[in-house]
Amino acid sequence: MRKKYVILIMLIILVILICLCIKSKVNKDESITEQDKIENKIKNNEWKTISKYNTVTKQNENVLIKINRITNGKDAENIVENYYGKTSYKYSENEKWNILEYQIDLKDFTTIDELGNTASIQVKVLSEDNQDSFRLNNRIYIPNIIDLNLSKYSNDKIIEGKMAFSIDKNIEKYKIKIGSDKFIIVDGK
C-alpha cells in the first residue's frame, strides 16, 4: 500500500515538472514574438527605435537606428581578418562572416564623457524559433559576434557602426535581433 502512495506522489511531481517546463518554454517564445509584432521587420534605410545600454546612467536608453547594409563573402572576411590581425585570425571553413553596417542617432542619448559615445549595440543571431543557438547534425552551433566599434568614440549625434557575426554555411534561415529591451528583427536570409 505504501509503495502505491510513493509511486502516485512521484507521478504527481513528474506532471508538475512537465507543466512548469512547458509553461517556461511558451513564455520565452511569447516574449520575443510579442516584441516582434510591435516592431515589425525593418527594411534597409529605415529609421527605427531600439534601446542601447548607457554606462553612465546604467540603464537602456532609446536611440534611432538605420541599417545601411549587410555585407558577406570575401569583403566581410577581410574586415574580420583586419580587425583581429592576420596572425591571430582563425577562420572556419564551415562558417561565413557577415558585417552589419548601420547608423545610430544619439541626439537624446546621455553622453559618456568628453570622448563621446561608441556605436556599440546588442546584437544576437537567432534561429527561426527565436533561440540564440542552432541545432545542426546532432551538435549545437552558436554564432560568433564581434563588436567592431569598441575603441571608436565620437561626439557626433549620428555615428556609424559595424558588427560582425558568423553563421554556419549549413544554416539557411536566421534572424538578427538588434537592441536590448526594445529591439528590431532583421531577416538574415
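The structure under discussion appears in the preceding block.
Residues numbered from 1 in each chain as written. Predicted model: local features only at pLDDT ≥ 70, side-chain atom pairs only at ≥ 80, totals over all residues. Heavy atoms only, no water.

Quick notes on the packing of aromatic side chains
Now for step 1: A complete count under the given rule lists three aromatic pairs for this structure.
Now for step 2: Ring centres 5.8 Å apart and planes at 70° place the aromatic pair Tyr83 and Tyr84 in the edge-to-face group.
Now for step 3: A relative accessible area of 38% means that Tyr83 is categorised as partly exposed.
Now for step 4: In this structure Tyr84 comes out as partly exposed when scored by relative accessible area, which is 41%.
Now for step 5: Measuring from ring centre to ring centre gives 6.1 Å for Phe165 and Tyr174, while their planes differ by 75°; the resulting arrangement is edge-to-face. Neither residue differs from the other here; Phe165 and Tyr174 are each classed as buried. (Phe/Tyr/Trp six-rings, centres within 6.5 Å; stacked < 30°, edge-to-face > 60°. Buried < 20%, exposed > 50% of the residue type's maximum accessible area, 1.4 Å probe, protein only.)

Some remarks on the pattern of salt bridges
Close approach of charged atoms lets side chains of opposite charge pair.
Now for step 1: Considering all chains together, one arrives at four salt bridges under this definition.
Now for step 2: Close ionic contact of Arg139 with Asp168 constitutes a salt bridge, the shortest N to O distance being 2.9 Å. Taken as a pair, Arg139 in strand E6 (residues 139-141) and Asp168 in strand E8 (residues 158-168) lie far apart in primary sequence, 29 residues in all.
Now for step 3: On the basis of relative accessible area, Arg139 is assigned to the partly exposed category, the value being 35%. (Salt bridge = Lys/Arg side-chain N within 4 Å of Asp/Glu carboxyl O. Helix = DSSP H or I, 4+ residues; strand = E, 2+ residues; numbered from the N terminus.)

Topic: the sheet that holds strand E4 (residues 123-126)
Now for step 1: Spatial strand order, E4-E9-E10: three strands in an open sheet with antiparallel pairing. The open sheet is flanked by E4 and strand E10 (183-187), the only strands paired with a single partner. Sheet twist, expressed as the average angle between the axes of neighbouring strands with direction ignored, equals 25°.
Now for step 2: Across five bridges, the pairing between strand E9 (residues 175-179) and E10 is antiparallel. Residue pairing across strands places Ile176 opposite Val186, the latter belonging to E10. (Pairing = 2+ DSSP bridges. Axes fitted to C-alpha atoms, helices over the stretch in contact; angles between N-to-C directions.)

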